[in-house]
Amino acid sequence: MGFSDAKDVSLDKLNKWNKDKRFARAYKDDEGDPVLEMDVDLDFAGIPVSGTVDLQNWSASRAGQLVRIDVKAAGGFNLLTSRVVTLNAQGQYSFTLPSNLAAGNYDFYAKASHWLTRKRANVSVPAGGSTCNNFSLINGDVDGDNEVTLADFGLLSDSFGLVLGDSGYNANADLDGDSEVALADFGILSASFGEVGD
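Here's a quick rundown of the structure. (Residues numbered from 1 in each chain as written. Predicted model: local features only at pLDDT ≥ 70, side-chain atom pairs only at ≥ 80, totals over all residues. Heavy atoms only, no water.)

### Quick notes on the overall build of the chain
At step 1: Scanning the chain from N- to C-terminus turns up three helices and nine strands.
At step 2: Secondary structure elements in the chain, listed N-terminal to C-terminal, are α-β-β-β-β-β-β-β-β-β-α-α.
At step 3: Looking at the 198 residues of the chain, the share that counts as buried comes to 40%.
At step 4: Carbon together with sulfur atoms contributes 53% to the accessible area of the chain, which is approximately 10,200 Å² in total. (Helix = DSSP H or I, 4+ residues; strand = E, 2+ residues; numbered from the N terminus. Buried < 20%, exposed > 50% of the residue type's maximum accessible area, 1.4 Å probe, protein only. Areas by Shrake-Rupley, 256 points an atom, 1.4 Å probe, with all protein chains shown as cover.)

### Quick notes on the packing of aromatic side chains
At step 1: All told, the structure shown has four aromatic pairs when counted by the stated rule.
At step 2: Look at Tyr 93 and Phe 95: their rings are 6.3 Å apart centre to centre, the planes differ by 15°, and that puts the pair in the stacked class.
At step 3: On the accessibility criterion, Tyr 93 (4% relative accessible area) is buried.
At step 4: In this structure an aromatic cluster arises from ring pairing among Phe 153, Phe 160 and Phe 186.
At step 5: The positively charged end of Lys 72 is found above the aromatic ring belonging to Tyr 109, 4.8 Å away from the centroid. (Phe/Tyr/Trp six-rings, centres within 6.5 Å; stacked < 30°, edge-to-face > 60°. Lys NZ or Arg CZ within 6 Å of the ring centre and 35° of its normal.)

Next up, the structure:
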(Lines give C-alpha, C1' and ligand atoms only; values in the text may rest on other atoms or scores of the structure.)
Protein backbone atom coordinates (compact mmCIF):
# COMPACT_ATOMS: atom_id res chain seq x y z
CA MET A 1 0.00 0.00 0.00
CA GLY A 2 1.53 3.33 -1.03
CA PHE A 3 0.92 6.70 0.54
CA SER A 4 1.75 9.17 -2.20
CA ASP A 5 0.80 12.21 -0.14
CA ALA A 6 4.01 11.63 1.86
CA LYS A 7 6.45 11.78 -1.09
CA ASP A 8 8.81 14.12 0.77
CA VAL A 9 9.59 11.60 3.53
CA SER A 10 13.36 10.95 3.62
CA LEU A 11 15.02 7.55 3.29
CA ASP A 12 16.75 8.23 6.62
CA LYS A 13 13.35 8.61 8.29
CA LEU A 14 12.07 5.39 6.65
CA ASN A 15 15.20 3.48 7.72
CA LYS A 16 14.88 4.76 11.30
CA TRP A 17 11.25 3.60 11.33
CA ASN A 18 12.30 0.18 9.97
CA LYS A 19 14.88 -0.22 12.74
CA ASP A 20 12.20 -0.06 15.43
CA LYS A 21 9.42 -2.05 13.73
CA ARG A 22 9.49 -5.82 13.81
CA PHE A 23 6.53 -6.79 11.65
CA ALA A 24 6.48 -3.95 9.14
CA ARG A 25 8.83 -1.97 6.95
CA ALA A 26 8.76 1.16 4.87
CA TYR A 27 10.69 1.93 1.70
CA LYS A 28 10.44 4.00 -1.48
CA ASP A 29 9.28 2.23 -4.65
CA ASP A 30 10.65 2.81 -8.16
CA GLU A 31 8.48 5.92 -8.57
CA GLY A 32 9.70 7.41 -5.27
CA ASP A 33 6.45 6.73 -3.43
CA PRO A 34 6.75 5.62 0.20
CA VAL A 35 5.45 2.07 0.70
CA LEU A 36 4.43 0.40 3.95
CA GLU A 37 4.53 -3.41 4.04
CA MET A 38 3.35 -5.61 6.87
CA ASP A 39 4.73 -9.06 7.71
CA VAL A 40 1.37 -10.69 8.25
CA ASP A 41 1.58 -13.92 6.28
CA LEU A 42 -1.39 -16.15 6.98
CA ASP A 43 -0.68 -18.26 3.88
CA PHE A 44 1.30 -21.15 5.36
CA ALA A 45 0.76 -23.49 2.40
CA GLY A 46 3.15 -21.72 0.00
CA ILE A 47 6.51 -22.85 -1.31
CA PRO A 48 9.58 -21.78 0.72
CA VAL A 49 12.25 -19.76 -1.10
CA SER A 50 15.66 -18.83 0.29
CA GLY A 51 19.08 -17.67 -0.78
CA THR A 52 21.80 -15.14 -0.13
CA VAL A 53 22.46 -11.60 -1.29
CA ASP A 54 26.01 -10.29 -1.73
CA LEU A 55 25.94 -6.52 -1.27
CA GLN A 56 29.07 -5.62 -3.23
CA ASN A 57 31.54 -3.23 -1.59
CA TRP A 58 29.58 -3.15 1.69
CA SER A 59 31.95 -3.23 4.66
CA ALA A 60 29.29 -3.06 7.39
CA SER A 61 27.18 -5.99 8.56
CA ARG A 62 24.51 -7.25 6.18
CA ALA A 63 22.28 -8.02 9.18
CA GLY A 64 19.11 -5.96 8.98
CA GLN A 65 19.61 -4.80 5.38
CA LEU A 66 16.35 -4.80 3.42
CA VAL A 67 16.09 -6.30 -0.06
CA ARG A 68 12.99 -6.34 -2.25
CA ILE A 69 12.48 -9.64 -4.08
CA ASP A 70 10.07 -9.52 -7.03
CA VAL A 71 8.75 -12.72 -8.61
CA LYS A 72 7.47 -12.98 -12.19
CA ALA A 73 6.60 -15.94 -14.40
CA ALA A 74 9.69 -17.07 -16.34
CA GLY A 75 10.00 -14.74 -19.33
CA GLY A 76 6.93 -12.79 -18.21
CA PHE A 77 6.38 -9.15 -17.35
CA ASN A 78 3.57 -9.29 -14.77
CA LEU A 79 4.56 -9.12 -11.13
CA LEU A 80 3.21 -12.19 -9.31
CA THR A 81 4.40 -11.30 -5.83
CA SER A 82 6.88 -9.03 -4.10
CA ARG A 83 8.49 -9.41 -0.69
CA VAL A 84 10.82 -7.15 1.27
CA VAL A 85 13.15 -9.49 3.11
CA THR A 86 15.60 -8.74 5.90
CA LEU A 87 19.08 -10.19 5.53
CA ASN A 88 20.93 -11.88 8.38
CA ALA A 89 24.65 -11.33 9.01
CA GLN A 90 25.56 -13.86 6.31
CA GLY A 91 23.27 -12.16 3.77
CA GLN A 92 20.70 -14.95 3.90
CA TYR A 93 16.97 -14.44 3.45
CA SER A 94 13.84 -16.58 3.22
CA PHE A 95 10.15 -16.16 2.48
CA THR A 96 7.17 -18.20 1.34
CA LEU A 97 5.55 -17.85 -2.06
CA PRO A 98 1.76 -17.39 -1.87
CA SER A 99 -0.19 -20.66 -2.16
CA ASN A 100 -1.69 -19.54 -5.48
CA LEU A 101 1.78 -19.89 -7.06
CA ALA A 102 2.46 -23.53 -7.96
CA ALA A 103 5.80 -25.23 -8.47
CA GLY A 104 7.32 -24.12 -11.77
CA ASN A 105 9.83 -21.74 -13.33
CA TYR A 106 10.03 -18.12 -12.20
CA ASP A 107 12.19 -15.04 -12.69
CA PHE A 108 13.43 -13.51 -9.42
CA TYR A 109 14.63 -9.90 -9.10
CA ALA A 110 16.51 -8.45 -6.11
CA LYS A 111 16.89 -4.71 -5.32
CA ALA A 112 18.46 -3.10 -2.27
CA SER A 113 18.67 0.62 -1.45
CA HIS A 114 21.76 1.80 -3.39
CA TRP A 115 22.43 -1.35 -5.35
CA LEU A 116 21.25 -2.16 -8.87
CA THR A 117 18.48 -4.69 -9.48
CA ARG A 118 19.69 -8.14 -10.50
CA LYS A 119 17.62 -10.88 -12.14
CA ARG A 120 17.86 -14.66 -11.82
CA ALA A 121 16.02 -15.96 -14.86
CA ASN A 122 14.05 -19.17 -15.29
CA VAL A 123 14.65 -20.53 -11.78
CA SER A 124 13.09 -23.93 -11.21
CA VAL A 125 11.03 -23.91 -8.01
CA PRO A 126 9.96 -27.43 -7.01
CA ALA A 127 7.10 -28.07 -4.60
CA GLY A 128 9.61 -28.67 -1.79
CA GLY A 129 11.10 -25.20 -2.16
CA SER A 130 14.04 -23.43 -3.74
CA THR A 131 17.21 -22.73 -1.74
CA CYS A 132 19.69 -21.34 -4.27
CA ASN A 133 18.23 -17.97 -5.17
CA ASN A 134 21.50 -16.11 -4.75
CA PHE A 135 22.25 -12.59 -5.97
CA SER A 136 25.31 -10.34 -6.19
CA LEU A 137 24.21 -6.70 -6.34
CA ILE A 138 26.30 -3.91 -7.89
CA ASN A 139 26.72 -0.86 -5.65
CA GLY A 140 26.48 2.82 -6.64
CA ASP A 141 22.80 3.60 -7.34
CA VAL A 142 22.57 6.52 -4.87
CA ASP A 143 19.27 7.87 -6.24
CA GLY A 144 17.62 4.42 -6.57
CA ASP A 145 16.74 4.73 -10.27
CA ASN A 146 18.46 1.44 -11.19
CA GLU A 147 21.39 2.98 -13.06
CA VAL A 148 24.67 4.60 -12.02
CA THR A 149 24.90 8.05 -13.64
CA LEU A 150 25.94 11.65 -13.07
CA ALA A 151 22.85 12.10 -10.87
CA ASP A 152 24.33 9.58 -8.40
CA PHE A 153 27.67 11.38 -8.57
CA GLY A 154 25.90 14.66 -7.77
CA LEU A 155 24.14 13.23 -4.71
CA LEU A 156 27.35 11.69 -3.44
CA SER A 157 29.15 15.02 -3.96
CA ASP A 158 26.46 16.79 -1.93
CA SER A 159 27.21 14.54 1.05
CA PHE A 160 30.98 14.35 0.62
CA GLY A 161 32.82 14.74 3.92
CA LEU A 162 29.69 14.24 6.02
CA VAL A 163 29.30 11.55 8.67
CA LEU A 164 26.27 9.87 10.21
CA GLY A 165 24.46 12.45 12.33
CA ASP A 166 25.57 15.46 10.26
CA SER A 167 22.89 17.58 8.66
CA GLY A 168 22.71 16.64 4.97
CA TYR A 169 24.27 13.21 5.44
CA ASN A 170 22.77 10.84 2.83
CA ALA A 171 22.94 7.20 3.93
CA ASN A 172 22.55 6.09 0.30
CA ALA A 173 25.75 7.97 -0.59
CA ASP A 174 27.65 6.03 2.09
CA LEU A 175 28.21 3.18 -0.35
CA ASP A 176 30.59 1.16 1.84
CA GLY A 177 28.54 1.50 5.05
CA ASP A 178 31.27 3.03 7.21
CA SER A 179 29.04 5.95 8.34
CA GLU A 180 30.91 8.59 6.34
CA VAL A 181 30.85 9.74 2.73
CA ALA A 182 34.47 9.74 1.61
CA LEU A 183 36.87 8.90 -1.23
CA ALA A 184 36.16 5.17 -0.87
CA ASP A 185 32.52 5.85 -1.79
CA PHE A 186 33.62 7.82 -4.88
CA GLY A 187 35.79 4.85 -5.85
CA ILE A 188 32.83 2.46 -5.63
CA LEU A 189 30.63 4.76 -7.71
CA SER A 190 33.39 5.28 -10.29
CA ALA A 191 33.91 1.53 -10.67
CA SER A 192 30.21 0.98 -11.44
CA PHE A 193 29.62 4.19 -13.41
CA GLY A 194 27.43 3.53 -16.45
CA GLU A 195 26.04 0.23 -15.11
CA VAL A 196 22.30 -0.39 -15.43
CA GLY A 197 20.25 -2.87 -13.41
CA ASP A 198 18.10 -5.66 -14.85
